[in-house]
Amino acid sequence: MEVATIVSNMNPGINATTDSEEVMLLQQALLWMLYDAGHLAKYPMAIDNLGDLEEMMPTKGRCPATKMYEEAITSAVRYYENQHVYPYTYLGGYCYRNKLYKQALKYWARAASVIRNYNYSRDDEEIYKEFLEIANELIPHIMRVVSSGISARSILKDPECFGYLLEFYDGICEWEEGSATPVLHIGWAKALFNTIAKFDAHVRSHVKISCIDPDSTDISEVQDPPALDKTAAEARTSQDQNGNMASDCINIAEEDIDPSEMMHRWPPVKLASAKMRGLRDLLLADKLNSQAISLQLTAQSQVTMTKKRGVGEVETPHAGRSKRARRE
């Protein structure tokens, strides 16, 4: 695993805009050697980096990048109690690039469900930038794309997509709670309001929002999304002879739902953060109040919570995350 760490952190960047193809091919070949020997089975970040390389430069006879991203998630669930954020942002990024927008929202919500278990600090700059880009650039871009020429099957008419957005922001808000440094500023509030305003009040009303009792000591029900239960169970039994995960545990295909069925869904969403609990009625109102939403989201957190982990205690941006430039 130490060798895998060195290989996974190889930096192919020549400058800010150019990577060395030779270094990338070398890194890819070395990672496959380590993978075949079973040395990446407990290393989600390295599996993700290999998936990233396969997405750009597919290797004949090897499984596609999607399977590697999925395997990184099952590895994190099996070996690290689902405490890694990046496997979800990698898969969410893949879905975004391939215009699988509902799935992108789903996996970004899963990433936020992991980060809620940590306290934010100024040392978390890289992972903060990751979530900030998702909230202020990628999700608004999705909204612009699906808003132009609205179709009957648009995600803006899907209550589950609105539910994923609530889960995403709930995780970010709870990341902030109990932290010495605030996370959310007016830029976050504007992006949230502009995004939820794209959803008609009728669609928003179909999300069954419940609030977690802040005095309860059992928040396991919001820490692990139900969809992960099956993934974790399969991860425990789906391994090849080298200890690598069988990577068919997660289906990222977009559903082809009849438009008339969308509004017969009532997806449940549980809000655990104080800020999102306070926003519940505002988010379901027929007419959205941008000022009230902004004030609630950017208010200084008054919640005193039991010390959670620091992100660096489990993963850091340097732990197997290469410095390859982000791809659009």
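What you see is a predicted model, and the numbers here were worked out from it, not measured in a lab.

Brief notes about the overall build of the chain
- Counting its secondary structure elements, the chain contains 15 helices and 4 strands.
- Across the 328 residues of the chain, 52% fall into the buried class.
- Long-range pairs, those at least 24 residues apart, make up 77% of the contacts in the chain between residues at least 6 apart in sequence.
- Working note: accessible area of the chain is about 15,100 Å², and carbon and sulfur atoms make up 51% of it.

Quick notes on the side chain of serine 294
- Position of serine 294 relative to the elements: it lies in helix H15 (residues 290–298).
- Residue class for serine 294 comes out buried when judged on its relative accessible area of 14%.
- Residues contacting serine 294, with those up to four places away along its chain left out, are Ile186 and Ala189.

Concerning the packing of aromatic side chains
- Under the definition given, this model contains 12 aromatic pairs.
- On the basis of an interplanar angle of 90° and a centroid distance of 5.3 Å, the ring pair of phenylalanine 168 and tyrosine 169 is categorised as edge-to-face.
- The exposure class of phenylalanine 168 is buried, given its relative accessible area of 1%.
- Exposure remark for tyrosine 169: the relative accessible area of 1% places this residue in the buried category.
- Among the aromatic side chains, those forming a connected cluster through ring pairs are Tyr120, Tyr128, Phe131, Phe168, Tyr169, Trp175 and Trp188.

Considerations on the pattern of salt bridges
- As enumerated under the stated definition, the model contains 11 salt bridges in all.
- The closest approach of N and O atoms between aspartate 36 and arginine 62, which form a salt bridge, is 2.7 Å. Of this pair, aspartate 36 sits in helix H2 (residues 21–36) while arginine 62 sits in the loop between helix H3 (44–56) and helix H4 (65–80), placing them 26 residues apart in sequence.
- Overall, the relative accessible area of 35% leaves aspartate 36 in the partly exposed class.
- The shortest N-O distance in the salt bridge between arginine 116 and glutamate 174 comes to 2.3 Å. Taken together, the residues arginine 116 in the loop between helix H6 (101–115) and strand E1 (118–119) and glutamate 174 in helix H8 (residues 159–176) connect sequence positions 58 residues apart. Residue arginine 116 shares its accessibility class with glutamate 174, and that shared class is buried.
- One salt-bridge network, held together by shared partners, links Lys102, Asp158 and Glu160.

Regarding the confidence of the model for the chain
- Chain-level statistics for the chain give a pLDDT mean of 82 and a share of 74% at 70 or above.
- Contacts of residues 222–227 to residues separated by more than four positions or lying in other chains number 13 contacts, the stretch itself having pLDDT below 50.
- For residues 316–324, every residue scores under 50 in pLDDT, and the model assigns this stretch 32 contacts once sequence neighbours within four places are set aside.

Observations regarding unusual backbone geometry
- The backbone of asparagine 82 sits at a positive phi, close to 60°, despite the residue not being glycine.
- Following the sequence through the fold, asparagine 82 ends up in the loop between H4 and helix H5 (86–97).
- Its identity is not glycine, yet lysine 99 carries a phi of approximately 60°, on the positive side.
- In this structure, lysine 99 sits in the loop between H5 and H6.

Remarks on the nonpolar core
- Ranked by internal contacts, the top residues of the largest apolar core, which has 84 residues, are Trp108, Phe131, Phe168 and Trp175.
- Filtering out sequence-adjacent residues up to four positions away, phenylalanine 131 remains in contact with Val85, Ala111, Ala112, Ile115, Phe168, Ile172, Trp175 and Trp188.

With respect to the environment of threonine 195
- The residue threonine 195 is located in helix H9 (residues 186–196) in this model.
- When the C-alpha positions of threonine 195 and methionine 143 are compared, they lie 6.7 Å apart, and in sequence the two are 52 residues distant.
- Those residues in contact with threonine 195, other than ones at most four positions away along the chain, are Ile139, Met143 and Leu165.

Examining H6
- Over its 15 residues, H6 extends 21 Å from the first C-alpha to the last, a length consistent with the 21 Å expected when each residue adds 1.5 Å.
- Among the 15 residues that make up H6, 15 are buried, leaving the element largely enclosed by the rest of the structure.

Topic: the pairing of strand E3 (residues 268–271)
- The alternating pattern of E3 places Val269 and Leu271 on a buried face and Pro268 and Lys270 on a face that is not buried.
- Pairing of strand E2 (residues 208–211) with E3, which is carried by 4 bridges, proceeds in the parallel orientation. Within E3, the residue paired with cysteine 211 across the bridge is leucine 271.

Things to note about the packing of H2 against H3
- Two elements in contact, H2 and H3, have axes separated by 10 Å at closest approach and are oriented at 130°. Our classification of the angle between H2 and H3 gives oblique. Between H2 and H3 lies a crossing of left-handed hand. Between H2, through Met24, Gln27, Gln28, Leu31, Trp32 and Tyr35, and H3, the contact on the second element is made entirely by Ala46, Asn49, Leu50, Leu53, Glu54 and Met56.

Thresholds applied
Residues numbered from 1 in each chain as written. Predicted model: local features only at pLDDT ≥ 70, side-chain atom pairs only at ≥ 80, totals over all residues. Heavy atoms only, no water. Helix = DSSP H or I, 4+ residues; strand = E, 2+ residues; numbered from the N terminus. Buried < 20%, exposed > 50% of the residue type's maximum accessible area, 1.4 Å probe, protein only. Contact = heavy atoms within 4.5 Å. Areas by Shrake-Rupley, 256 points an atom, 1.4 Å probe, with all protein chains shown as cover. Phe/Tyr/Trp six-rings, centres within 6.5 Å; stacked < 30°, edge-to-face > 60°. Salt bridge = Lys/Arg side-chain N within 4 Å of Asp/Glu carboxyl O. pLDDT = per-residue confidence, 0-100. Core = buried A, V, L, I, M, F, W, Y, C linked by side-chain atoms within 4.5 Å. Expected span 1.5 Å × (residues − 1). Pairing = 2+ DSSP bridges. Axes fitted to C-alpha atoms, helices over the stretch in contact; angles between N-to-C directions. Parallel < 35°, antiparallel > 145°, perpendicular 65-115°, else oblique. Left-handed = near helix turned anticlockwise from the far one by under 90°.

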